[in-house]
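# Observations on the three-dimensional arrangement
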4 protein chains.
Amino acid sequence: MTTPKPNQMWGGRFSEAPSDIMVQINASIDVDKRLYRQDIQGSVAHCEMLVAQEILTADEGDKITKGLAAILAEIESGKFVFKTELEDIHMNIESRLAEMIGDVAGKLHTARSRNDQVATDMRLWTKQALAALIEEISVLQSILDKQSGAHAETVMPGFTHLQIAQPVTLGLHLQAYFDMLERDKGRFADCLDRMNESPLGACALAGTRHNIDRDLTAEKLGFRRPVRNTMDAVAARDYLLEFLSASSICIIHLSRLAEELILWSTVQFGFIRLGDKFTTGSSIMPQKKNPDAAELVRGKSGGIIGNLMQLLMVMKALPLTYNKDMQEDKTPVFETYDALLLCLQATTGMIDTMHVNKERMHEDAESGYSTATYLADWLVKNLNIPFRQAHHITGQIVQAAEKKSLKLHDMPLADMQQFESRINKGIFDFLRITGNNS
Amino acid sequence: MTTPKPNQMWGGRFSEAPSDIMVQINASIDVDKRLYRQDIQGSVAHCEMLVAQEILTADEGDKITKGLAAILAEIESGKFVFKTELEDIHMNIESRLAEMIGDVAGKLHTARSRNDQVATDMRLWTKQALAALIEEISVLQSILDKQSGAHAETVMPGFTHLQIAQPVTLGLHLQAYFDMLERDKGRFADCLDRMNESPLGACALAGTRHNIDRDLTAEKLGFRRPVRNTMDAVAARDYLLEFLSASSICIIHLSRLAEELILWSTVQFGFIRLGDKFTTGSSIMPQKKNPDAAELVRGKSGGIIGNLMQLLMVMKALPLTYNKDMQEDKTPVFETYDALLLCLQATTGMIDTMHVNKERMHEDAESGYSTATYLADWLVKNLNIPFRQAHHITGQIVQAAEKKSLKLHDMPLADMQQFESRINKGIFDFLRITGNNS
Amino acid sequence: MTTPKPNQMWGGRFSEAPSDIMVQINASIDVDKRLYRQDIQGSVAHCEMLVAQEILTADEGDKITKGLAAILAEIESGKFVFKTELEDIHMNIESRLAEMIGDVAGKLHTARSRNDQVATDMRLWTKQALAALIEEISVLQSILDKQSGAHAETVMPGFTHLQIAQPVTLGLHLQAYFDMLERDKGRFADCLDRMNESPLGACALAGTRHNIDRDLTAEKLGFRRPVRNTMDAVAARDYLLEFLSASSICIIHLSRLAEELILWSTVQFGFIRLGDKFTTGSSIMPQKKNPDAAELVRGKSGGIIGNLMQLLMVMKALPLTYNKDMQEDKTPVFETYDALLLCLQATTGMIDTMHVNKERMHEDAESGYSTATYLADWLVKNLNIPFRQAHHITGQIVQAAEKKSLKLHDMPLADMQQFESRINKGIFDFLRITGNNS
Amino acid sequence: MTTPKPNQMWGGRFSEAPSDIMVQINASIDVDKRLYRQDIQGSVAHCEMLVAQEILTADEGDKITKGLAAILAEIESGKFVFKTELEDIHMNIESRLAEMIGDVAGKLHTARSRNDQVATDMRLWTKQALAALIEEISVLQSILDKQSGAHAETVMPGFTHLQIAQPVTLGLHLQAYFDMLERDKGRFADCLDRMNESPLGACALAGTRHNIDRDLTAEKLGFRRPVRNTMDAVAARDYLLEFLSASSICIIHLSRLAEELILWSTVQFGFIRLGDKFTTGSSIMPQKKNPDAAELVRGKSGGIIGNLMQLLMVMKALPLTYNKDMQEDKTPVFETYDALLLCLQATTGMIDTMHVNKERMHEDAESGYSTATYLADWLVKNLNIPFRQAHHITGQIVQAAEKKSLKLHDMPLADMQQFESRINKGIFDFLRITGNNS
């Protein structure tokens, strides 16, 4: 009696080998080999539980865990040879284990299925990914906080409709992003909390008749508890959809900031100059200093949101429990993680190294009649004019100022009085911008 | 001094009237009139705060709040006339207020902008929507729980790849959806918790020089606290994206259940019969009993996920703070709420009234060699054969049974012994399905 | 023998009435009443064919077509009462017909099903919609052409990465959009050509045993020919997906132009001033002139692309032939048509009425070292320096000019010669911008 | 004078090197090296044109084209070393050319920019991709045609709402997919026709002052003509959006067929048995024969549609002309091409090797009262009963048959006459299914 050849692991009753096309469409090893560490971690916990439950002997368990440790070392040192014909990371590792320790390797898969195995691997990976993203957001927030503090008094125009609206400070502006990112962190933390359950032991879909201890493996792997329902354990992908949703919302925030960095570093705005470390030149226009990193952060919103759409589309209307379609869950999740991490780092770098042109910002804050609201407020406060009428009067004064190409604080008092005779000199205190307007 | 005409609220300095196309593309009243209750609620709280801060007199405040109450009554009784030329719900109400109480109406908009006003309206609405969805999910869960209990012993085939895999119970199957929905509720609750802050007082983007009390309006409106950053308050839409994401994940769950109801009610499966109340007939094929409600639940996943895509697309790369693009946030959110609520109710109705064909379910649970796993487990447990080899032997026995068109528990012992001589009679206890296999 | 009550059209064998939820989720009349004209047009053609084939008598046909004409008149004059309990436009019209002309109305549905009926209505509608969009694009193109001609010599900076790259003309810039729109028209025309086939006569999915003439109805309705395969005729929605795709690509083009109009009308760019007819003011900032129409065109890309996502999601993995999910095809298509038409009209209006600030454009075209490429080209042409080295030398000269805050054509010859001694006076002819640079 | 180091190609005026994050986010070589053949093809054509226009000497041109040929050989033999620090395929090749042939390599980039270079590469690649997909669809069609012919008389149930509706043939059913695919081919062909223009010579965005011949390079590269507008030439991505849209519609068709293959190969339907070459087994359930290939085809709709959403999102609201975001166009296009090609091949294989169970199909075609429509038609034809009433009577007969658990053709005549006394024996000819019902 010999261990069957690895490529026959499921092939016992098949009379024909899979076609090349089938091998190609079916193989996932190029993608899921990234889970090698989690796969081995899960197998070790499973093996230790089998020993604890006396399903395996201590000796068998010892051989298996030592074999797995050796395989981990092989992979991390780059010596391990991944084989496409072994389909996925699970079979690549199990097959190598069989080579190393012989038939006893075949006992590892007792009371387990690839369905709960891959579900466990993926949850372990996602937990790490979530923690890493939360950490990286905190780094970006600390840089935003630093710049926000440094520019607490730096006056700049606040925009609505990309038209100058009212003076604000750069500190206030950057702090808005700090707060958006705080909510992004909250979403990732909520996702982590909700998905922190162990699917191991659900087997294919219905648990097992072996006397396993799911609480024990959950504990060994750092999960809060086992997933209650075994069918849910292998069929659920909502935790990945939630991960992709939170990532999509986060990249929307980064895309908004990127857009502003691009605008602000145009010749026309001239509010900032991005550091050389995060810009590139042109092959034909030597003077160009292109905000490539910001453009790529903005553009990578496409891939991240496309990945969310991908998995939503994949999962739509799939009956329980596992369907092979779900194999398509890994690429979007891995790609999103990589892209979002990189975008967070690039944004951190850009904000950290940008040079702010305070003069240009202040100058623009004064243009565009940005203090018109203050004028209206003055009319309300001092002349007790209802706001709607004060607003109307202000509109007429602005129009008059525009015709004379004057800023509001340069308008002669007499000109203003044409629209409301009670206006007096006190109004000029309201029409000039100071550092702490907002 | 007269109140300016409503359609000149912002038109003070414009020399030309908007084109018809502009009126048409710009108007939002058809959509945002749904916010009338929240708009009045927000205005009342704002007015009371203005009085408390002595920005308005008690008498002015009284006139305004009474006027607003009268308008609310008009709208709810269907007497209010909404006007497209007044653009949106805010101006429709304010204009009517001016008709009712005269110039003092113009004082309500003191220390407020349409930017923070609409942000407040929308948050108030979303809070109610989230609560209603959580409630509706609970109703569906209670029905799933009821059926799950009633069918705790109803054996049915468990599927992977839509192939019969192992016997499960209908109770276990329905409970899996109960658990998915529990996580959906968690996502809505997290969203509600995170967005429960008041944007009122942020004004256009930079707050106001009037001495307002944002804590007071937040408290009056039932918010936990004011949104800290005024620019964030008017620019943020992540709470709506989170609402749409959570809804998308929830409808994915409902689409999976709907798919199963459709499959199960085919002639071929015959597992269930949906109630007449949730099916329709055909205009040409009188015998048809179509699972329309289930198909519509499945199909409405498209609209709900399309709405998520819509708002992500709208928000991508928008600079701070308010941009008119954001007006496009309401339709997708309202549509998603209506569709999801209806889908939850329809699913509740279908699950509640479906008739289960236990015999068909049990029959199928026995076909497809669904107990093969148990055979493999028996080999492991009783003969100490490593799982991988037990699996291989089982595959050969299944192939032999299939050739003879026999179910596993009908295979002669001798036939099984051809593949593993130590197999004995005890194996038959494992090959038959009982009510509590899983 | 009496005509059955309308709400029993398919209910012959049902023992229970549909629940309220079912009525609500199932009804489509609010959406598909928009198809009334096409529905009647299709019914008239069908009826005439039935007469021609002697399935109906001439007298019966006459009664039916006159009845349909009367119903059309009722609908267009607003007298027709649409009823939700009659579900859809087909049953609303058929029921009214029965009221008008009695039992003979029941003969109209001979050799027809709602499946081929709605497919015919929708194709007729889509043909008109495609033609209308093509027409509207041509209108926008004519305005782009006019402005392009008027500004053939208007120098402006050409951008890459939103950095000033090289001088171009506004004419060239606007012509780029003309050409994009030309391809958009091509896509709509291709779609129209491909879908111009009649599904009528496919009945539910399998044709009919009645001796109908599908070529005749196709001809009467202006289709090129019948859809060949009857199952395809009722199951296909690719023509709507193609419509939504072409619309999505078109709105992407409009969103790019809208973004530029928004940028160009900022205080910082100041390249254009949008007409009052297509801008709005602010309720609190009287000086604002907001490019609302452009922002809404940009924002409506979300809805249009969301609609594409919706129908792709709906159609994914639907088995043949008709499934109720497909009822969800109409809302996205109608919404997309309305939104795209409006966006085309608004863009036409904005381009037509914008005021161009030639001075600001020309001034910016000279800044940012936009002629650096010409300098490099001069080195290649006159000194036979390989382009890559010419590029490197140019980069050094630009850096030197920037340090001195000089434009390139103001750099002293001696300074340039420090980097390449053979540079001579001739270079200055290359460094100034003229109207016909590009 | 020496050629500058490759990594300084655009870095002439930069005082700081890019950060590691910048290198990582900016590099595209891992993706765009796939364009090596097109890049060299484009460079050869460009070089030959420069010689023809006497911008390069024949000798220079000869050195360059020989060098490029040598590089092509290096890449195809796997000897070429791609370097991340050289960013992209263009610079990798140009840098190697400089190593091989010295300074003259720097002359190749005369009158060219990376913007028009990459646009040319991508269009050349896309043309090949479109042609390959059209070819692969034809292969699938030929297999559908073969099976369709073989099963022209194989009766099966036609479904609406996944309920048995009327008998059809498998031939008709498969032919419906043939016709859908014919339209898919049309969409790819239209896309190819529309985008078959050469961007080469547009340079960065504004053409060049060198005396180039764009018609000549267009002709050499097999394009119909140059892209007219130089800004459009480098800014347009609609041809890729059209490619992704057509691919999305095509995969929707394949997902529908895949869904049917999965359904049909369930134990419950049992209509077909997929070949061993396109199915897999289970690691724990040895009897399973999983339709993995079909599930993956269905699931890959997610990735393909996600890619469309990605590029739509990327392109939304990008101002002219080139923005770095657009670098994100290649991954979705390459991935979609690979996935769609594989799905077409897998579908071809599955359809070609599936085994049809004619008996099960025929049996089901007779169940579910699938001939009820014929009964209604008989009443119309023979008794001149209006269709709507015939339909109602039929519904009552079906309900009666169902209560007795009889098929329609087994219902006693007397039972039918209870609902319509004029029914006679002739009706039974209508109630049995023959091979050519449809």
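Treat the numbers as computed from the prediction; the structure is a model and nothing was measured.

## Notes on the overall build of chain A
Looking only at helices and strands, chain A features 17 helices and six strands. Compactness check: chain A gives a C-alpha radius of gyration of 31 Å against a globular reference of 22 Å for 438 residues, more than 25% above the reference. With the principal axes as the frame, chain A shows a C-alpha extent of 105 × 55 × 35 Å. By the burial criterion, 69% of the 438 residues in chain A qualify as buried. A separation of at least 24 residues holds for 76% of the contacts in chain A among residues at least 6 apart in sequence. Accessible surface, chain A as shown: approximately 13,400 Å² in total, 48% of it carbon and sulfur. Averaged over its 47 positive side-chain charges, chain A has a centre that lies 3 Å from the centre of its 57 negative ones.

## Some remarks on the interface of chain A and chain B
In many analyses, interface size is given as the accessible surface area lost on bringing the parts together. Facing 100 residues of chain A, the contacting portion of chain B comprises 101 residues. Here chain A meets chain B over a buried area of about 9,300 Å², counting both sides, of which 56% is carbon and sulfur. Taken together, chain A and chain B are joined by 14 salt bridges. Ionic pairing is found between D232 of chain A and R183 of chain B, a salt bridge with its closest N-O pair at 2.9 Å. The interface formed by chain A and chain B contains 42 residue pairs in polar contact (both at pLDDT 80 or more). Going through the elements one at a time, β1 (155-160), β2 (163-169), α7 (170-195), α9 (230-235), α10 (238-264), α11 (292-315), α14 (372-383) and α15 (387-403) of chain A are the ones with two or more residues in the side of chain A that touches chain B. Class assignment for the residues of the side of chain A that touches chain B results in 42 nonpolar, 34 polar and 24 charged.

## Remarks on unusual backbone geometry
Cis geometry is found at the peptide bond from L320 of chain C to T321 of chain C, where omega equals -10°. As for its placement among the helices and strands, T321 of chain C is situated in the loop between α11 (292-315) and α12 (330-353).

## Description of the packing of helix α11 (residues 292-315) of chain B against helix α12 (residues 330-353) of chain B
A packed helix pair is summarised by two numbers, namely the angle formed by the two axes and the spacing between the axes. Residues and elements named next belong to chain B. Contact pair α11 / α12: the axes reach a minimum separation of 9 Å and the direction vectors enclose 155°. The angle between the axes of α11 and α12 places the two elements in the roughly antiparallel class. When you trace α11 past α12, the crossing you get is left-handed. Facing A293, A294, V297, K300, I304, N307 and Q310 of α11, the residues of α12 in contact are P332, E335, T336, A339, L340, C343, A346, T347 and M350. Here the residues of the contact of α11 with α12 sort into ten nonpolar, four polar and two charged.

## Regarding α7 of chain A
The terminal C-alpha atoms of α7 of chain A, which comprises 26 residues, lie 38 Å apart, in line with the 38 Å expected from a rise of 1.5 Å per residue. Across the 26 residues that make up α7 of chain A, a large majority, 20, are buried.

## Here's the deal with the domain arrangement of chain A
All names here are of chain A. With domains assigned, chain A is organised as domain 1 (20-110), domain 2 (115-185 + 236-362) and domain 3 (369-431). Here the C-alpha centroids of domain 2 and domain 3 sit 41 Å apart. Taken together, the contact pairs four residues of domain 2 with four residues of domain 3. Approximately 320 Å² of surface area, both sides summed, lies buried where domain 2 meets domain 3, with 52% of it carried by carbon and sulfur atoms. Counting every contact that joins domain 2 to domain 3 gives zero salt bridges.

## Some thoughts on the interface of chain A and chain C
Listed per partner, the contact involves 49 residues of chain A and 49 residues of chain C. Across the interface of chain A and chain C, roughly 3,900 Å² is buried in total on both sides, 59% from carbon and sulfur atoms. The tally of links from chain A across to chain C stands at two salt bridges. Residues R273 of chain C and E402 of chain A are paired through a salt bridge, measuring 3.4 Å at the closest nitrogen-oxygen approach. For the interface between chain A and chain C, the tally reads 15 residue pairs in polar contact (both at pLDDT 80 or more). Secondary-structure elements contributing two or more residues to the side of chain A that touches chain C are β1, β2, α10, α11, α14 and α15 of chain A. Take the side of chain A that touches chain C: its biggest share by element is seven residues, from α15 of chain A. Tallied by class, the residues present in the side of chain A that touches chain C amount to 21 nonpolar, 18 polar and ten charged.

## Focus on the packing of aromatic side chains
All names here are of chain B. Summed over all chains, the structure comprises 30 aromatic pairs over all chains. Between the aromatic rings of W125 and Y337, the centroid separation amounts to 5.3 Å while the plane-to-plane angle is 80°, which identifies the pairing as edge-to-face. Of this pair, W125 sits in helix α6 (residues 114-150) while Y337 is found in helix α12, placing the two residues 212 residues apart along the sequence. With relative accessibility at 6%, the residue W125 sits in the buried group.

## Considerations on the relation of the copies chain A and chain C
Aligned on chain C, chain A shows an RMSD of 0.1 Å; the corresponding rotation is 180° and the shift along the axis is 0.0 Å. Taken together, the rotation and translation describe the operation of a two-fold axis. Using C-alpha coordinates, one finds that chain A approaches the rotation axis most closely at Q268 of chain A, a distance of 2.7 Å. Taken together, the interface assignments show that 100% of the residues at the interface of chain A recur at the interface of chain C, consistent with an identical surface on both copies.

## A look at the side chain of E295 of chain C
The residue E295 of chain C is located in helix α11 in this model. With no salt bridge to any partner, buried E295 of chain C finds its closest opposite charge in R298 of chain C, at an N-O distance of 4.4 Å. When residues no more than four places from it in sequence are discounted, the contact partners of E295 of chain C are H161 of chain A, N323, K324 and D325 of chain B together with I262 of chain C.

## As for the confidence of the model for chain A
Residues and elements named next belong to chain A. For chain A, per-residue confidence averages 91 on the pLDDT scale, and residues scoring 70 or more make up 94% of the total. When the criterion is pLDDT under 50, residues 1-8 qualifies, and its contacts beyond four places in sequence or with other chains add up to 14 contacts. Prediction confidence for the complex, expressed as pTM and ipTM, is 0.95 and 0.93 respectively.

## Brief notes about the relation of the copies chain A and chain B
For the pair chain A and chain B, the relating rotation is 180°, the translation along its axis is 0.0 Å, and the fit reaches an RMSD of 0.0 Å. Both copies contact each other with a shared surface, as 100% of the interface residues of chain A are interface residues in chain B too.

## Considerations on helix α3 (residues 36-52) of chain D
Residue and element names in this part refer to chain D. If you check α3, its first and last C-alpha atoms are 24 Å apart, about what 17 residues at 1.5 Å a residue would give, namely 24 Å. Inspection of α3 places Y36, Q38, D39, I40, G42, S43, A45, H46, C47, M49 and L50 among the buried residues, and these make up the whole buried set. If you follow the buried residues of α3, they end up packed against α2 (29-32), α4 (58-76), α5 (89-101), α6 (114-150) and α8 (214-220). Following α3 by one or two positions, E54 adopts a phi angle in the positive range, close to 60°.

How each quantity is defined
- Residues numbered from 1 in each chain as written.
- Chains lettered and ligands numbered in written order.
- Predicted model: local features only at pLDDT ≥ 70, side-chain atom pairs only at ≥ 80, totals over all residues.
- Heavy atoms only, no water.
- Helix = DSSP H or I, 4+ residues; strand = E, 2+ residues; numbered from the N terminus.
- Rg over C-alpha atoms; globule rule 2.2 N^0.38 Å.
- Buried < 20%, exposed > 50% of the residue type's maximum accessible area, 1.4 Å probe, protein only.
- Contact = heavy atoms within 4.5 Å.
- Areas by Shrake-Rupley, 256 points an atom, 1.4 Å probe, with all protein chains shown as cover.
- Lys, Arg positive; Asp, Glu negative; His and termini not counted.
- Charge placed at Lys NZ, Arg CZ, Asp CG, Glu CD.
- Buried area = accessible area lost by both parts, 1.4 Å probe.
- Salt bridge = Lys/Arg side-chain N within 4 Å of Asp/Glu carboxyl O.
- Polar contact = N/O pair within 3.5 Å; in protein donor to acceptor, adjacent residues only side chain to side chain.
- Nonpolar A, V, L, I, M, F, W, Y, C, P; charged D, E, K, R; others polar.
- Axes fitted to C-alpha atoms, helices over the stretch in contact; angles between N-to-C directions.
- Parallel < 35°, antiparallel > 145°, perpendicular 65-115°, else oblique.
- Left-handed = near helix turned anticlockwise from the far one by under 90°.
- Expected span 1.5 Å × (residues − 1).
- Domains from an automatic or database assignment.
- Phe/Tyr/Trp six-rings, centres within 6.5 Å; stacked < 30°, edge-to-face > 60°.
- Least-squares fit on C-alpha atoms with pLDDT ≥ 70 in both.
- pLDDT = per-residue confidence, 0-100.

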